[in-house]
Amino acid sequence: PKDTAKLFAGLGLPLSEGYGLTEASPVLTVAKASMRASFGNVGQPVPGVQIKIGEGDADGVGEVLARGPNVMKGYVGNPDATAAVLDADGWLHTGDLGKLDKKGRLTIVGRSKEVIVGPSGENVYPDDVESLLGDIEGIKELSVIGLSDGAGGERVACLAVPSEDGGDHTARKERAQKNFREACERLPRVARPTLVQFFEGELPRTATRKVKRSEVRLILQRIVDASGNPTASDRGASNVRSVITAIAGKPGVSLQATTSLRGDLGIDSLLAVELASALETALGSRLDAKALAQCETVGDLEELARKSARAAANAIEVA
């Protein structure tokens, strides 16, 4: 991760980045450790290995193909899977997207399955967007993915986690939103996220601390589906039950005020974070975090939503 590389470079111990995968035993390229090395440059192929970019776009970005004595012969007992990644000339189709510079050094920009295809057919690479956004004050971490726009293309979406640097929930979120908007203004228009959800939780990661974009996509989609796009007149306690069933993955289930969030609907601590985000978006007002944590039933949440709506209305009247 970028933060790890910065930490070691700051200690005078620059790290050497490399690239590989299990099917290549596993190393394909290695970069020289240098204080001047840029993060993301994984270097030139190791001896005996060939690297090329298949069907690169205008920027030279395409699927990374590799060939060499370290590349596997195939998957045991699975010829179809083998044929999907090894072509007749022995090139391994890695599924990773990258580009080569004039010195033959490889930079990985993402997975082919993660490319965001915009409404006009333009390609947007999540890793590139995240790198361009950089470190944003008030935001602990973020992940960029593509969500369907309902018209055959995708929109750039982002799940962002505000920093836990003191202050109340509203102040932290407003600061994060302001700084995020300013960072987005520096991006090319096609790369600017059009859907941003602030999330009071941890991004899902693998054992090696890599963000699981597929799970980020599911979280964002659940929140979007649950919160909908209500008008001001629709916002209120009446919308709570539809949000709950969407997050719990139980559409059409009849809820009672006494229905247990955890026992009957299986809403654990992780889903509770998604539920809070979806409710705040759907209701158009902030929910008290401590009160939300104490809600045990559907009725409890509905009462909290009513209190939140009254408080928001009173604030508008005073203003």
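K.L.:
Sorry, what's going on with the layout of surface pockets here?
P.N.:
Approximately 560 Å³ is the volume attributed to the second largest pocket. If you go around the second largest pocket, you meet 25 residues; those closest to its centre are A272, V273, A276, L292 and A293. Looking at the lining of the second largest pocket, the elements with two or more residues in it are α4 (169-184), β12 (195-198), α7 (269-283) and α8 (289-293). The element contributing the most residues to the lining of the second largest pocket is α7, with 7 residues. Here the residues of the lining of the second largest pocket sort into 12 nonpolar, 6 polar and 7 charged.

K.L.:
Looking at this structure, how should I read the sheet that holds strand β1 (residues 18-20)?
P.N.:
Note: strands within a sheet are paired through backbone hydrogen bonds, in either parallel or antiparallel orientation. Reading across from one edge, β1-β2-β3-β7-β6-β5-β4 is the order of the 7 strands in this open sheet, with antiparallel pairing throughout. The outermost strands of the open sheet, each flanked by one partner alone, are β1 and β4 (50-54). Sheet twist, expressed as the mean angle between neighbouring strand axes with direction ignored, is 50°. Relative to strand β7 (residues 106-111), strand β3 (residues 41-45) runs antiparallel, the two being bridged by 2 bridges. Bridge pairing in β7 links N41 to T107.

K.L.:
What should I look at first to understand the pattern of salt bridges in this one?
P.N.:
A pair can form between side chains of opposite charge whenever their charged atoms are brought close. Tallied over the full model, the rule gives 15 salt bridges. Residue K173 is joined to E280 by a salt bridge in which the shortest nitrogen-to-oxygen separation is 3.5 Å. Of the two residues, K173 is situated in helix α4 and E280 in helix α7; the sequence distance between them amounts to 107 residues. Linking R222 and E274 is a salt bridge whose minimum nitrogen-to-oxygen distance equals 2.7 Å. Taken together, the residues R222 in helix α5 (residues 213-227) and E274 in helix α7 connect sequence positions 52 residues apart. With a relative accessible area of 3%, E274 lands in the buried category. If you follow the salt bridges from partner to partner, you end up with E114, D127, E130 and R213 in one network.

About the cut-offs
Residues numbered from 1 in each chain as written. Predicted model: local features only at pLDDT ≥ 70, side-chain atom pairs only at ≥ 80, totals over all residues. Heavy atoms only, no water. 1 Å grid on protein atoms, 1.4 Å probe; cavity = no way out; pocket = protein on both sides within 12 Å on 5 of 7 lines; lining within 4 Å. Points joined across faces, edges and corners; volume = space filled by probe spheres on them. Helix = DSSP H or I, 4+ residues; strand = E, 2+ residues; numbered from the N terminus. Nonpolar A, V, L, I, M, F, W, Y, C, P; charged D, E, K, R; others polar. Pairing = 2+ DSSP bridges. Axes fitted to C-alpha atoms, helices over the stretch in contact; angles between N-to-C directions. Salt bridge = Lys/Arg side-chain N within 4 Å of Asp/Glu carboxyl O. Buried < 20%, exposed > 50% of the residue type's maximum accessible area, 1.4 Å probe, protein only.

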